[in-house]
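These are the residues of each chain, in order.
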Amino acid sequence: MLKSKKHVFWEALLITIVVFLAGLFLGMLIEAANSAKISSLYLQSEISLTDASATARLAEDISLDCEVIKEQNIIVADRIYEEAKLLELYEDSGKLTDSMKLLHKKYDLLRTFLWMTNDKSLERCDNYNLAVYLYEYGSEDTEIKATQNVWSKILLDIRKQSADFMLLPIAANQNLTSLEFLKQKHEVTQLPALVINNDKVLYELENVDSILDLLN
Amino acid sequence: MTYTFIAFYFLTLHILIYLQNKSQVYAAPKYTKVKDLSIILPCYNDGKNIGKFIENILKTDYPGLKKVIIVDDYSEDDSYEIIKKYARKYPKVEAYRVPEHTGRAAGPKNYGLKYANTELIGFSDDDSFPAPNAISKMVGFLEEEGVGGVTSRVFVKNPKTNFLTKSQSIEYKVMAFTRKLFEFIESIYVTNGPLSIYKKEVLDKTGGFDMKNLTEDIELTWNTVSKGYKVRMCIPAVVRSRVPETVGQWFRQRIRWNVGGIQTVAKYRKKFLQCGMLGLFIMPFFTLSWILGITGLFFLAYRFFNFILMKFLVAKYSVAANVALITTDSFTLNPSILFFFGMLLFSLGLTYTFTSLFYSRGQAKIIGHPIRDIFIYSIFYLIMYPPLLLTAFYKYARGYNEWGTR
């Protein structure tokens with residue numbers, strides 16, 4: 001009565017492979033589109049940073065107004081911060097390619113560069129605060145992840161409360177030579193760490209008010 | 001990804017088998033010759049229901065029913081006296097008692113086989129009630145060359161008691177539908193206890209039920225298939241059976257089913273990837289289901305533990321740092337491609353459940369169950385399977401061999 005229908009096993013396998021390949025292809029397309037979007041934003045940030053860097057150099061030679069330096073630096077930092085948030089969002093959904101990770105590294109380098117350019121500006125101008133938040137990227141340690149999560153909330157709170165606050169979150173385990181040098185220079189021995197005005201280094205979580213007290 | 005791939009493959013397989021055979025799902029060939037049939041029924045401490053069962057089975061419209069053999073497994077109540085009373089009342093009914101309590105269904109079933117000399121022999125149990133036309137729908141399958149046994153579709157007799165029986169009602173319908181689909185690839189892995197019929201020659205060759213196995217019906221099916229016979233599933237043959245109403249009873253029953261399944265796989269391990277569909281599909285399917293279930297459980301448990309630990313630490317540190325416990329960022333939904341695969345899998349699984357229920361629906365109903373019950377079944381009930389499986393493996397390793405609750 002019933003004819004043998006064992007070919008159905010191969011058909012099911014074929015359909016599964018096709019669906020998976022289609023899914024993977026679609027996933028890669030989405031990730032490529034996200035990556036392209038971030039790359040375009042990155043290019044704009046890079047231009048802004050270069051402009052800020054050039055301004056900072058000018059500040060060494062001529063008596064440029066500290067307010068201009070502050071505004072420009074904070075605008076660039078805020079812009080990179082917002083783009084980084086978007087990058088992080090895409091990065092969480094990116095499971096198929098490494099393009100987002102590479103972009104993340106590029107942004108870290110950009111922020112490291114911004115940190116370096118602010119060295120001299122901070123010496124001359126004390127009308128703003130710089131907080132460099134060094135964290136561990138891709139950590140699997142739940143304790144570290146929880147600590148970093150709370151650090152982010154604290155810094156976000158401070159950023160909302162203080163208009164003169166320049167926040168630079170940088171993944172500090174990306175093997176960037178310049179960043180390693182800066183870590184050594186500021187004697188950062190563990191992650192996460194918060195470097196305030198290139199002076200104080202905090203490792204333990206503090207409440208918002210305590211950190212605000214440390215700012216100018 | 002591998003996990004999703006395997007799960008997706010099996011689900012696709014089920015859907016394809018259905019699509020290629022949907023016109024055959026309800027098919028039940030009409031018998032051309034009336035063959036003599038005996039029905040064997042084990043009974044233990046069920047004096048309250050055994051009379052109802054006997055009365056019910058005698059209502060069958062199949063003219064070949066010659067004997068209803070009731071075998072008492074040395075009950076402590078008055079079951080045996082009641083059976084004898086019915087034997088005196090109805091000539092077709094015969095009452096027997098095993099010499100000593102065996103503690104499992106295989107004992108009285110094998111004992112009853114000694115008195116069954118008909119060409120066809122059926123088995124049922126004392127809390128199951130076959131529809132009057134169930135047997136006559138089934139016997140036609142046994143006229144096909146090479147078919148050794150045929151099984152029925154079980155519906156839950158007490159489906160509305162609580163969420164557990166509601167879920168089991170859905171589960172039984174999905175199981176019956178799946179079993180029918182497996183027939184199309186010669187891979188039926190169990191002829192159920194509530195009503196299955198075999199050719200006597202098959203039972204002679206297999207030696208009846210395995211007394212050591214906790215799921216003697218699965219073992220007999222594998223034994224039958226390993227002897228080269230085919231097994232059929234008759235969707236129009238409906239049997240209503242009572243199911244556990246408490247979590248404790250349900251848990252013990254499922255442990256027995258799973259330990260029995262493990263015992264059967266262990267017994268037939270040498271047939272793995274050999275011996276037709278038994279070794280090439282049924283055994284790998286069983287084994288892969290177990291592996292997927294257990295690895296899935298560990299993966300879920302690990303993710304869940306990490307999630308809870310993370311939430312706890314974040315809450316603790318947030319309180320210490322005096323920042324908000326929850327921010328808008330906590331609610332960002334950012335699905336990955338794996339999430340979409342998972343959702344696709346879940347949707348297909350749900351569609352499969354709906355299709356199964358569609359084939360078991362009552363008159364003027366689309367699926368016969370509220371959507372709420374289907375979601376409870378699909379999410380909470382099915383999630384209980386992997387822990388059950390793990391417990392069953394543990395108990396099997398410890399030599400568990402108790403019959404427990406039916």
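These figures come from a predicted structure and were not determined experimentally.

## Points about the overall build of chain A
Tallying secondary structure elements over chain A gives 6 helices and 4 strands in all. Along chain A, helices and strands appear, N-terminal first, in the series α-α-α-β-α-β-α-β-β-α. The C-alpha radius of gyration computed for chain A amounts to 23 Å, which surpasses the reference 17 Å derived for 216 residues by more than 25%, pointing to a less compact arrangement than a globule. Referenced to the eigenvectors of the C-alpha coordinate spread, the extents of chain A come out at roughly 95 × 35 × 30 Å. The buried share among the 216 residues of chain A stands at 35%.

## With respect to the sheet that holds strand β2 (residues 165-171) of chain A
All names here are of chain A. Spatially, 4 strands are ordered β2-β1-β3-β4 in an open sheet, and the strand pairing comes out mixed. Sheet topology places β2 and β4 (200-202) at the edges, where each strand pairs with a single neighbour. Neighbour-to-neighbour, the strand axes of this sheet turn through a mean angle of 20°, independent of strand direction. Across 3 bridges, strand β3 (residues 193-196) lies against β4 in antiparallel orientation. Residue pairing across strands places leucine 194 opposite leucine 202, the latter belonging to β4.

## Some points on the sheet that holds strand β7 (residues 195-199) of chain B
All names here are of chain B. Pairing is mixed in the open sheet, where 8 strands are placed in the order β3-β2-β1-β4-β7-β6-β8-β5. Taken across any chain shown, the strands that pair with only one partner, and hence form the sheet edges, are β3 (93-97) and β5 (128-130). For this sheet the average axis-to-axis angle between neighbouring strands, irrespective of direction, equals 30°. Across 3 bridges, the pairing between strand β6 (residues 147-156) and β7 is antiparallel. Bridge pairing links glycine 149 to tyrosine 198 in β7. On top of the sheet, helix α8 (residues 216-226) reaches β6, β7 and β8 (230-241); it is set at about 155° to β8, its chief contact.

## Focus on helix α3 (residues 99-124) of chain A
Between its first and last C-alpha atoms α3(A) spans 39 Å; for 26 residues at 1.5 Å apiece the expected length is 38 Å, and the two agree. Maximal helix bending in α3(A) amounts to about 35°, located at A:Asn118.

## Quick word on the interface of chain A and chain B
Taken together, the contact pairs 34 residues of chain A with 32 residues of chain B. When contributions to the side of chain A that touches chain B are tallied by element, the ones reaching two or more residues are α1 (8-61), α2 (66-93) and α4 (142-161) of chain A. Of all the elements, α1(A) adds the most residues to the side of chain A that touches chain B, at 11 residues. The residue inventory of the side of chain A that touches chain B, partitioned by class, reads 16 nonpolar, 8 polar and 10 charged.

## Quick word on the environment of B:Val259
Residues and elements named next belong to chain B. Tracing the sequence through the fold places valine 259 in helix α9 (residues 247-267). Residue classification places valine 259 among the buried residues on the basis of 26 C-beta atoms within 10 Å. On a C-alpha basis, the gap between valine 259 and aspartate 73 in space is 22 Å, while along the polypeptide they are 186 residues apart. Non-local contacts of valine 259, meaning those with residues more than four positions away in its chain, are made with Leu214, Ala392, Lys395, Tyr396 and Tyr400.

## Quick word on the domain arrangement of chain B
Reports of interface size often rely on the accessible area that becomes lost once the parts have come together. All names here are of chain B. Domain assignment breaks chain B into domain 1 (1-27 + 130-406) and domain 2 (31-126). For domain 1 versus domain 2, the distance between C-alpha centres works out to 29 Å. Contacts between the two partners involve 24 residues from domain 1, matched on the other side by 26 residues from domain 2. Those elements giving two or more residues to the side of domain 1 that touches domain 2 turn out to be α5 (134-139), β7 and α7 (200-206). Looking at the side of domain 1 that touches domain 2, the element that brings in the most residues is β7, giving 5 residues. Here the residues of the side of domain 1 that touches domain 2 sort into 13 nonpolar, 6 polar and 5 charged.

## Remarks on helix α3 (residues 79-89) of chain B
All names here are of chain B. Among the residues of α3, those classed as buried are Ser79, Tyr80, Ile82, Ile83 and Tyr86. Looking down the long axis of α3, one finds its buried residues gathered within 160° of arc, a one-sided arrangement. Exposed residues pointing more than 90 degrees away from the buried face of α3 are listed as Glu81 and Arg88. Buried positions along α3 lie against β1 (37-43), α2 (47-57), β2 (65-72) and β3.

Rules of the game
Residues numbered from 1 in each chain as written. Chains lettered and ligands numbered in written order. Predicted model: local features only at pLDDT ≥ 70, side-chain atom pairs only at ≥ 80, totals over all residues. Helix = DSSP H or I, 4+ residues; strand = E, 2+ residues; numbered from the N terminus. Rg over C-alpha atoms; globule rule 2.2 N^0.38 Å. Buried ≥ 20, exposed ≤ 12 C-beta atoms within 10 Å, placed from the backbone. Pairing = 2+ DSSP bridges. Axes fitted to C-alpha atoms, helices over the stretch in contact; angles between N-to-C directions. Contact = placed C-beta atoms within 7 Å. Expected span 1.5 Å × (residues − 1). Bend = angle between axes of the 7 residues up to and from the residue. Nonpolar A, V, L, I, M, F, W, Y, C, P; charged D, E, K, R; others polar. Domains from an automatic or database assignment. Arc of directions from axis to C-beta.

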